[in-house]
Amino acid sequence: MGHAEPLLPRAFDSRGRLQMAETSLEAFDESGRPGQLFLVHHYDPADLSAGHKLAVTGSGGVTRHYSAAELRQLPERDVTAVLECAGNGRGHLTDRAPGNQFGLGMFGQATWKGVRLADVLADFGFDDTWEYAIVDAPDSGVTKPENIAAHFAKGLPKFKALHEDTILAWAMDGQQLPAEHGGPLRLIVPGWYGIWWVKWVSHIELTDAKFTGFWQNQRYTYQDANGTVTSIVEDQLPRAIILRPMDGQHLQDPVRVSGVAWSGEHQIAAVNISIDDGRTWTQSRLTLPSDRWAAACFECEIPVGLPRGLRRISAQAIDNAGRVQPWTSIRNRLGYGNNDIQTVTVDLSA
Ligand SMILES: Nc1nc2c(c(=O)[nH]1)N[C@H]1C(S)=C(S)[C@@H](COP(=O)(O)O)O[C@H]1N2
Ligand SMILES: [Mo]
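Residues numbered from 1 in each chain as written. Chains lettered and ligands numbered in written order. Predicted model: local features only at pLDDT ≥ 70, side-chain atom pairs only at ≥ 80, totals over all residues. Heavy atoms only, no water.

S.K.: Please clarify how the sheet that holds strand β1 (residues 7–12) should be interpreted in this entry.
M.R.: Each strand in a sheet pairs with another by means of backbone hydrogen bonds, the pair being arranged parallel or else antiparallel. Spatially, the three strands line up as an open sheet ordered β1-β2-β3, and their pairing is antiparallel. Edge positions in the sheet fall to β1 and β3 (39–40), since each of these pairs with one other strand and no more. Where strand β2 (residues 18–23) meets β3, two bridges bridge the pair, whose relative direction is antiparallel. By the bridge assignment for β3, alanine 21 is matched with leucine 39. (Pairing = 2+ DSSP bridges. Helix = DSSP H or I, 4+ residues; strand = E, 2+ residues; numbered from the N terminus.)

This is how it looks when you write it as C-alpha coordinates:
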(Lines give C-alpha, C1' and ligand atoms only; values in the text may rest on other atoms or scores of the structure.)
(Ligands and ions follow the chains in the order given, each with its own letter.)
Protein backbone atom coordinates (compact mmCIF):
# COMPACT_ATOMS: atom_id res chain seq x y z
CA MET A 1 0.00 0.00 0.00
CA GLY A 2 1.22 3.53 -0.75
CA HIS A 3 1.82 6.40 1.62
CA ALA A 4 -0.97 8.72 0.55
CA GLU A 5 -1.69 11.75 2.69
CA PRO A 6 -4.85 11.18 4.77
CA LEU A 7 -6.47 14.27 3.25
CA LEU A 8 -6.73 14.83 -0.49
CA PRO A 9 -7.21 18.57 -1.19
CA ARG A 10 -10.06 19.30 -3.62
CA ALA A 11 -10.44 23.10 -3.39
CA PHE A 12 -8.64 26.09 -1.90
CA ASP A 13 -10.12 29.47 -0.98
CA SER A 14 -8.95 32.80 -2.38
CA ARG A 15 -6.24 32.99 0.28
CA GLY A 16 -4.89 29.56 -0.58
CA ARG A 17 -6.31 27.80 2.48
CA LEU A 18 -7.87 24.37 2.31
CA GLN A 19 -11.58 24.75 1.62
CA MET A 20 -12.62 21.25 0.62
CA ALA A 21 -10.72 18.05 1.21
CA GLU A 22 -11.51 14.39 1.01
CA THR A 23 -10.25 11.54 3.19
CA SER A 24 -8.13 9.02 1.32
CA LEU A 25 -9.80 5.58 1.53
CA GLU A 26 -6.43 4.26 2.71
CA ALA A 27 -6.69 6.38 5.84
CA PHE A 28 -9.86 4.75 7.22
CA ASP A 29 -9.73 2.10 9.90
CA GLU A 30 -11.97 -0.97 9.69
CA SER A 31 -14.85 0.71 11.52
CA GLY A 32 -14.95 3.65 9.11
CA ARG A 33 -13.14 6.14 11.33
CA PRO A 34 -11.11 8.44 9.12
CA GLY A 35 -7.43 9.15 9.72
CA GLN A 36 -8.53 12.74 9.24
CA LEU A 37 -12.11 13.89 8.71
CA PHE A 38 -12.99 15.37 5.28
CA LEU A 39 -13.67 19.10 5.10
CA VAL A 40 -16.32 21.28 3.44
CA HIS A 41 -16.35 25.06 3.91
CA HIS A 42 -18.78 26.76 1.54
CA TYR A 43 -17.57 30.20 2.67
CA ASP A 44 -14.60 31.44 4.66
CA PRO A 45 -14.94 29.57 7.95
CA ALA A 46 -16.50 31.45 10.85
CA ASP A 47 -14.42 32.15 13.92
CA LEU A 48 -16.56 32.14 17.05
CA SER A 49 -14.78 33.45 20.10
CA ALA A 50 -14.43 31.32 23.23
CA GLY A 51 -16.97 33.54 24.99
CA HIS A 52 -19.55 32.87 22.30
CA LYS A 53 -23.15 32.41 23.40
CA LEU A 54 -25.84 30.50 21.57
CA ALA A 55 -28.96 32.61 20.93
CA VAL A 56 -32.35 30.89 20.90
CA THR A 57 -35.43 32.74 19.64
CA GLY A 58 -38.93 31.35 20.12
CA SER A 59 -41.87 31.68 17.77
CA GLY A 60 -43.09 34.54 19.99
CA GLY A 61 -39.88 36.50 19.28
CA VAL A 62 -38.28 36.15 22.71
CA THR A 63 -34.52 35.49 22.66
CA ARG A 64 -32.40 33.87 25.33
CA HIS A 65 -28.63 33.32 25.29
CA TYR A 66 -26.83 30.18 26.44
CA SER A 67 -23.18 30.16 27.43
CA ALA A 68 -21.10 27.00 26.99
CA ALA A 69 -21.29 26.46 30.77
CA GLU A 70 -25.10 26.73 30.72
CA LEU A 71 -25.34 24.20 27.89
CA ARG A 72 -23.12 21.79 29.83
CA GLN A 73 -25.62 21.78 32.68
CA LEU A 74 -28.09 19.88 30.50
CA PRO A 75 -27.77 16.05 30.28
CA GLU A 76 -24.81 15.03 28.14
CA ARG A 77 -25.45 12.89 25.08
CA ASP A 78 -22.98 10.82 23.01
CA VAL A 79 -23.90 9.91 19.46
CA THR A 80 -21.74 7.82 17.13
CA ALA A 81 -22.78 8.57 13.57
CA VAL A 82 -21.56 8.68 9.99
CA LEU A 83 -21.13 12.18 8.58
CA GLU A 84 -21.36 12.08 4.78
CA CYS A 85 -21.40 14.90 2.25
CA ALA A 86 -24.19 14.59 -0.34
CA GLY A 87 -21.49 15.23 -2.95
CA ASN A 88 -19.68 12.01 -1.99
CA GLY A 89 -18.99 10.08 -5.20
CA ARG A 90 -19.93 12.93 -7.55
CA GLY A 91 -16.65 12.52 -9.41
CA HIS A 92 -17.65 8.96 -10.38
CA LEU A 93 -20.73 10.08 -12.31
CA THR A 94 -20.43 9.18 -15.98
CA ASP A 95 -22.18 12.42 -16.97
CA ARG A 96 -20.19 15.07 -15.15
CA ALA A 97 -22.22 17.26 -12.76
CA PRO A 98 -21.06 20.75 -11.72
CA GLY A 99 -19.28 21.05 -8.38
CA ASN A 100 -16.27 19.36 -6.86
CA GLN A 101 -15.40 16.02 -8.43
CA PHE A 102 -15.22 14.10 -5.17
CA GLY A 103 -14.28 10.44 -4.91
CA LEU A 104 -15.71 8.24 -2.16
CA GLY A 105 -13.86 9.66 0.85
CA MET A 106 -16.38 12.39 1.72
CA PHE A 107 -17.55 10.60 4.85
CA GLY A 108 -16.31 9.70 8.29
CA GLN A 109 -17.58 8.21 11.50
CA ALA A 110 -16.99 9.79 14.87
CA THR A 111 -18.48 9.94 18.35
CA TRP A 112 -19.95 13.35 19.01
CA LYS A 113 -20.65 14.68 22.48
CA GLY A 114 -23.05 17.44 23.35
CA VAL A 115 -26.62 18.09 24.43
CA ARG A 116 -29.90 17.25 22.74
CA LEU A 117 -31.31 20.12 20.75
CA ALA A 118 -34.68 19.00 22.19
CA ASP A 119 -33.35 19.54 25.74
CA VAL A 120 -32.11 23.04 24.88
CA LEU A 121 -35.49 23.89 23.38
CA ALA A 122 -37.36 22.39 26.35
CA ASP A 123 -35.18 24.42 28.70
CA PHE A 124 -35.91 27.52 26.62
CA GLY A 125 -39.60 26.63 26.87
CA PHE A 126 -41.32 26.60 23.51
CA ASP A 127 -44.97 26.48 22.64
CA ASP A 128 -46.15 24.29 19.79
CA THR A 129 -46.61 26.95 17.14
CA TRP A 130 -43.50 26.15 15.12
CA GLU A 131 -42.62 23.82 12.26
CA TYR A 132 -38.93 24.55 11.68
CA ALA A 133 -35.89 25.27 13.80
CA ILE A 134 -33.73 27.58 11.70
CA VAL A 135 -30.14 26.87 12.62
CA ASP A 136 -27.88 29.80 11.68
CA ALA A 137 -24.14 30.08 11.34
CA PRO A 138 -22.23 33.34 10.80
CA ASP A 139 -20.25 32.24 7.74
CA SER A 140 -21.45 34.09 4.66
CA GLY A 141 -20.45 35.16 1.18
CA VAL A 142 -21.39 35.09 -2.46
CA THR A 143 -21.59 31.71 -4.19
CA LYS A 144 -20.64 31.04 -7.77
CA PRO A 145 -22.13 30.53 -10.29
CA GLU A 146 -25.44 31.79 -8.86
CA ASN A 147 -23.97 35.07 -7.58
CA ILE A 148 -26.17 34.86 -4.53
CA ALA A 149 -25.21 36.49 -1.24
CA ALA A 150 -26.29 34.49 1.79
CA HIS A 151 -25.17 33.13 5.10
CA PHE A 152 -25.14 29.48 6.06
CA ALA A 153 -28.44 28.29 7.58
CA LYS A 154 -30.68 25.23 7.55
CA GLY A 155 -34.34 24.90 8.54
CA LEU A 156 -34.62 21.65 10.44
CA PRO A 157 -38.15 20.19 10.38
CA LYS A 158 -39.65 19.83 13.85
CA PHE A 159 -39.59 16.01 14.02
CA LYS A 160 -35.87 15.96 13.32
CA ALA A 161 -35.13 18.94 15.58
CA LEU A 162 -36.83 17.16 18.48
CA HIS A 163 -35.30 13.74 17.72
CA GLU A 164 -33.45 12.40 20.76
CA ASP A 165 -30.22 11.91 18.76
CA THR A 166 -30.09 15.36 17.17
CA ILE A 167 -27.51 17.12 19.28
CA LEU A 168 -25.47 20.30 19.59
CA ALA A 169 -21.93 18.97 19.96
CA TRP A 170 -18.75 20.46 21.41
CA ALA A 171 -16.55 17.35 21.28
CA MET A 172 -15.55 14.78 18.68
CA ASP A 173 -13.91 11.49 19.65
CA GLY A 174 -13.10 12.77 23.11
CA GLN A 175 -11.42 15.97 21.93
CA GLN A 176 -12.72 19.50 21.92
CA LEU A 177 -14.40 20.00 18.54
CA PRO A 178 -11.81 21.60 16.23
CA ALA A 179 -12.79 24.96 14.71
CA GLU A 180 -12.58 23.61 11.14
CA HIS A 181 -15.21 21.01 12.03
CA GLY A 182 -17.55 23.53 13.59
CA GLY A 183 -16.18 24.16 17.07
CA PRO A 184 -17.17 25.46 19.53
CA LEU A 185 -20.70 24.22 18.70
CA ARG A 186 -22.05 22.20 15.78
CA LEU A 187 -25.32 20.47 14.95
CA ILE A 188 -25.28 16.66 14.56
CA VAL A 189 -28.17 15.30 12.49
CA PRO A 190 -27.67 11.52 12.39
CA GLY A 191 -28.82 9.78 9.22
CA TRP A 192 -28.99 12.98 7.18
CA TYR A 193 -26.36 14.28 4.78
CA GLY A 194 -23.62 16.60 6.05
CA ILE A 195 -25.27 19.79 4.78
CA TRP A 196 -27.60 19.55 7.83
CA TRP A 197 -24.70 19.32 10.28
CA VAL A 198 -24.39 23.11 10.68
CA LYS A 199 -20.96 24.17 11.94
CA TRP A 200 -20.42 27.20 14.24
CA VAL A 201 -24.07 27.33 15.36
CA SER A 202 -24.76 30.85 16.55
CA HIS A 203 -28.55 31.19 16.57
CA ILE A 204 -31.58 28.91 16.57
CA GLU A 205 -34.96 30.35 15.70
CA LEU A 206 -38.30 28.56 15.88
CA THR A 207 -40.73 29.49 13.14
CA ASP A 208 -43.97 28.28 11.64
CA ALA A 209 -43.14 29.81 8.27
CA LYS A 210 -41.67 27.63 5.56
CA PHE A 211 -37.93 28.17 5.55
CA THR A 212 -36.60 29.37 2.19
CA GLY A 213 -32.84 29.75 2.57
CA PHE A 214 -30.37 29.31 -0.29
CA TRP A 215 -28.83 26.21 1.37
CA GLN A 216 -32.30 24.72 1.83
CA ASN A 217 -34.11 25.34 -1.45
CA GLN A 218 -31.42 25.95 -4.05
CA ARG A 219 -28.14 24.23 -3.27
CA TYR A 220 -28.37 20.72 -1.87
CA THR A 221 -31.64 20.02 -3.62
CA TYR A 222 -32.37 17.25 -6.08
CA GLN A 223 -33.12 18.96 -9.39
CA ASP A 224 -34.18 17.69 -12.78
CA ALA A 225 -32.17 18.54 -15.90
CA ASN A 226 -33.99 21.90 -16.19
CA GLY A 227 -33.07 22.94 -12.69
CA THR A 228 -36.54 22.38 -11.22
CA VAL A 229 -36.28 21.30 -7.59
CA THR A 230 -37.88 17.90 -7.03
CA SER A 231 -36.90 17.47 -3.37
CA ILE A 232 -34.52 18.57 -0.63
CA VAL A 233 -31.42 16.50 0.12
CA GLU A 234 -32.05 14.87 3.51
CA ASP A 235 -31.72 11.16 4.31
CA GLN A 236 -28.41 9.44 3.40
CA LEU A 237 -28.93 6.82 0.69
CA PRO A 238 -27.74 3.22 1.23
CA ARG A 239 -24.06 2.80 0.49
CA ALA A 240 -21.33 0.20 0.99
CA ILE A 241 -17.70 1.30 0.76
CA ILE A 242 -15.00 -1.26 0.05
CA LEU A 243 -12.03 -0.12 2.14
CA ARG A 244 -9.82 -3.19 1.51
CA PRO A 245 -8.52 -4.05 -0.99
CA MET A 246 -7.82 -0.68 -2.55
CA ASP A 247 -8.58 0.03 -6.16
CA GLY A 248 -5.58 -0.95 -8.30
CA GLN A 249 -3.95 -3.09 -5.61
CA HIS A 250 -1.83 -6.13 -6.58
CA LEU A 251 -2.90 -9.20 -4.64
CA GLN A 252 -2.30 -12.89 -4.15
CA ASP A 253 -5.09 -15.33 -3.24
CA PRO A 254 -7.08 -15.34 -1.07
CA VAL A 255 -8.72 -11.96 -1.28
CA ARG A 256 -10.38 -10.65 1.87
CA VAL A 257 -12.83 -7.88 1.05
CA SER A 258 -13.93 -5.57 3.85
CA GLY A 259 -15.54 -2.23 4.38
CA VAL A 260 -18.38 -0.28 5.92
CA ALA A 261 -22.01 0.44 5.04
CA TRP A 262 -24.80 2.71 6.24
CA SER A 263 -28.23 3.86 5.12
CA GLY A 264 -29.44 7.11 6.64
CA GLU A 265 -32.56 6.63 8.73
CA HIS A 266 -32.52 2.86 8.14
CA GLN A 267 -30.39 -0.08 9.23
CA ILE A 268 -28.20 -2.14 6.94
CA ALA A 269 -29.77 -5.58 6.33
CA ALA A 270 -27.12 -7.07 4.00
CA VAL A 271 -24.03 -6.24 1.97
CA ASN A 272 -23.52 -8.44 -1.07
CA ILE A 273 -20.28 -8.90 -2.98
CA SER A 274 -19.95 -9.68 -6.68
CA ILE A 275 -16.87 -10.57 -8.73
CA ASP A 276 -18.79 -10.76 -12.01
CA ASP A 277 -20.36 -7.29 -12.28
CA GLY A 278 -23.54 -8.37 -10.55
CA ARG A 279 -24.37 -11.62 -12.34
CA THR A 280 -23.94 -13.46 -9.04
CA TRP A 281 -23.75 -12.19 -5.47
CA THR A 282 -22.29 -13.58 -2.27
CA GLN A 283 -23.59 -12.37 1.06
CA SER A 284 -20.84 -10.92 3.24
CA ARG A 285 -20.50 -11.41 7.01
CA LEU A 286 -22.03 -8.38 8.61
CA THR A 287 -21.22 -6.86 11.99
CA LEU A 288 -24.04 -4.54 12.92
CA PRO A 289 -23.09 -1.58 15.08
CA SER A 290 -24.27 -1.37 18.67
CA ASP A 291 -24.91 2.30 18.02
CA ARG A 292 -27.91 2.89 15.77
CA TRP A 293 -26.26 5.54 13.56
CA ALA A 294 -22.84 3.96 13.25
CA ALA A 295 -21.65 2.10 10.16
CA ALA A 296 -22.05 -1.66 9.76
CA CYS A 297 -18.84 -3.55 8.94
CA PHE A 298 -18.75 -6.26 6.28
CA GLU A 299 -16.17 -8.80 5.22
CA CYS A 300 -16.03 -11.63 2.75
CA GLU A 301 -13.43 -14.00 1.26
CA ILE A 302 -13.25 -14.19 -2.49
CA PRO A 303 -12.69 -17.79 -3.60
CA VAL A 304 -9.12 -18.85 -4.37
CA GLY A 305 -8.13 -19.97 -7.83
CA LEU A 306 -9.72 -17.12 -9.78
CA PRO A 307 -8.24 -16.51 -13.22
CA ARG A 308 -5.09 -14.33 -13.02
CA GLY A 309 -5.19 -10.73 -14.14
CA LEU A 310 -7.53 -7.84 -13.42
CA ARG A 311 -10.59 -8.74 -11.34
CA ARG A 312 -13.50 -6.48 -10.47
CA ILE A 313 -15.05 -6.56 -6.98
CA SER A 314 -18.36 -4.79 -6.29
CA ALA A 315 -20.31 -4.28 -3.06
CA GLN A 316 -24.04 -3.56 -2.72
CA ALA A 317 -25.83 -2.40 0.43
CA ILE A 318 -29.45 -3.32 1.18
CA ASP A 319 -31.33 -1.81 4.11
CA ASN A 320 -34.18 -3.02 6.27
CA ALA A 321 -36.61 -0.71 4.47
CA GLY A 322 -35.86 -2.62 1.26
CA ARG A 323 -33.74 0.10 -0.32
CA VAL A 324 -31.13 -1.47 -2.59
CA GLN A 325 -27.96 0.33 -3.62
CA PRO A 326 -28.23 0.74 -7.42
CA TRP A 327 -25.75 0.43 -10.29
CA THR A 328 -27.08 3.75 -11.56
CA SER A 329 -28.50 6.13 -8.97
CA ILE A 330 -31.18 8.67 -9.78
CA ARG A 331 -29.38 11.36 -11.73
CA ASN A 332 -29.91 14.97 -10.68
CA ARG A 333 -28.47 18.19 -12.03
CA LEU A 334 -26.14 18.98 -9.13
CA GLY A 335 -24.89 15.41 -8.71
CA TYR A 336 -26.01 14.76 -5.12
CA GLY A 337 -26.66 11.38 -3.55
CA ASN A 338 -24.68 9.39 -6.09
CA ASN A 339 -24.75 6.02 -4.32
CA ASP A 340 -23.86 3.93 -7.37
CA ILE A 341 -22.39 0.55 -6.45
CA GLN A 342 -18.63 0.85 -5.98
CA THR A 343 -16.36 -1.45 -7.96
CA VAL A 344 -12.65 -1.83 -7.23
CA THR A 345 -10.30 -3.43 -9.71
CA VAL A 346 -7.51 -5.55 -8.29
CA ASP A 347 -4.62 -7.25 -10.04
CA LEU A 348 -4.37 -10.93 -9.12
CA SER A 349 -0.75 -11.67 -9.89
CA ALA A 350 0.32 -14.96 -11.41
N1 LIG B 1 -21.59 26.79 8.92
C2 LIG B 1 -21.37 25.83 8.01
N3 LIG B 1 -21.74 24.56 8.30
C4 LIG B 1 -21.54 23.57 7.39
C5 LIG B 1 -20.96 23.84 6.13
C6 LIG B 1 -20.58 25.18 5.85
O7 LIG B 1 -20.06 25.51 4.77
N8 LIG B 1 -20.80 26.15 6.82
N9 LIG B 1 -20.81 22.81 5.23
C10 LIG B 1 -21.73 21.67 5.39
C11 LIG B 1 -21.45 20.53 4.53
S12 LIG B 1 -22.03 20.61 2.95
C13 LIG B 1 -20.86 19.39 5.01
S14 LIG B 1 -20.70 18.02 4.04
C15 LIG B 1 -20.36 19.32 6.39
C16 LIG B 1 -18.88 19.00 6.40
O17 LIG B 1 -18.40 18.91 7.71
P18 LIG B 1 -16.83 18.88 8.00
O19 LIG B 1 -16.19 20.02 7.28
O20 LIG B 1 -16.68 18.93 9.48
O21 LIG B 1 -16.35 17.55 7.46
O22 LIG B 1 -20.55 20.52 7.11
C23 LIG B 1 -21.77 21.20 6.83
N24 LIG B 1 -21.92 22.32 7.73
MO1 LIG C 1 -21.61 18.63 1.84
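S.K.: For this particular structure, what's the right way to read the pairing of strand β13 (residues 203–207)?
M.R.: Within a regular strand, the side chains alternate between the two sheet faces. As defined by bridge partners, strand β4 (residues 54–57) adjoins β13 across three bridges and the pair is classed as parallel. In the strand pairing of β13, threonine 57 is matched with glutamate 205. Summarising the sheet, strand β8 (residues 132–143) and β13 pair through five bridges and their orientation is antiparallel. If you follow aspartate 136 over to β13, its bridge partner there is histidine 203.

S.K.: Mind showing me how you'd approach the packing of aromatic side chains here?
M.R.: For any pair of aromatic rings, the description rests on two quantities: the centre-to-centre distance and the angle between the ring planes. For the structure shown, the criterion picks out 12 aromatic pairs. Centre to centre, the rings of tyrosine 43 and tryptophan 215 are 5.8 Å apart; their planes meet at 90 degrees, and the pair counts as edge-to-face. Of this pair, tyrosine 43 sits in the loop between β3 and β4 while tryptophan 215 sits in helix α4 (residues 214–217), and the two are 172 residues apart along the sequence. Pair check on accessibility: tyrosine 43 and tryptophan 215 agree, each one buried. (Phe/Tyr/Trp six-rings, centres within 6.5 Å; stacked < 30°, edge-to-face > 60°. Buried < 20%, exposed > 50% of the residue type's maximum accessible area, 1.4 Å probe, protein only.)

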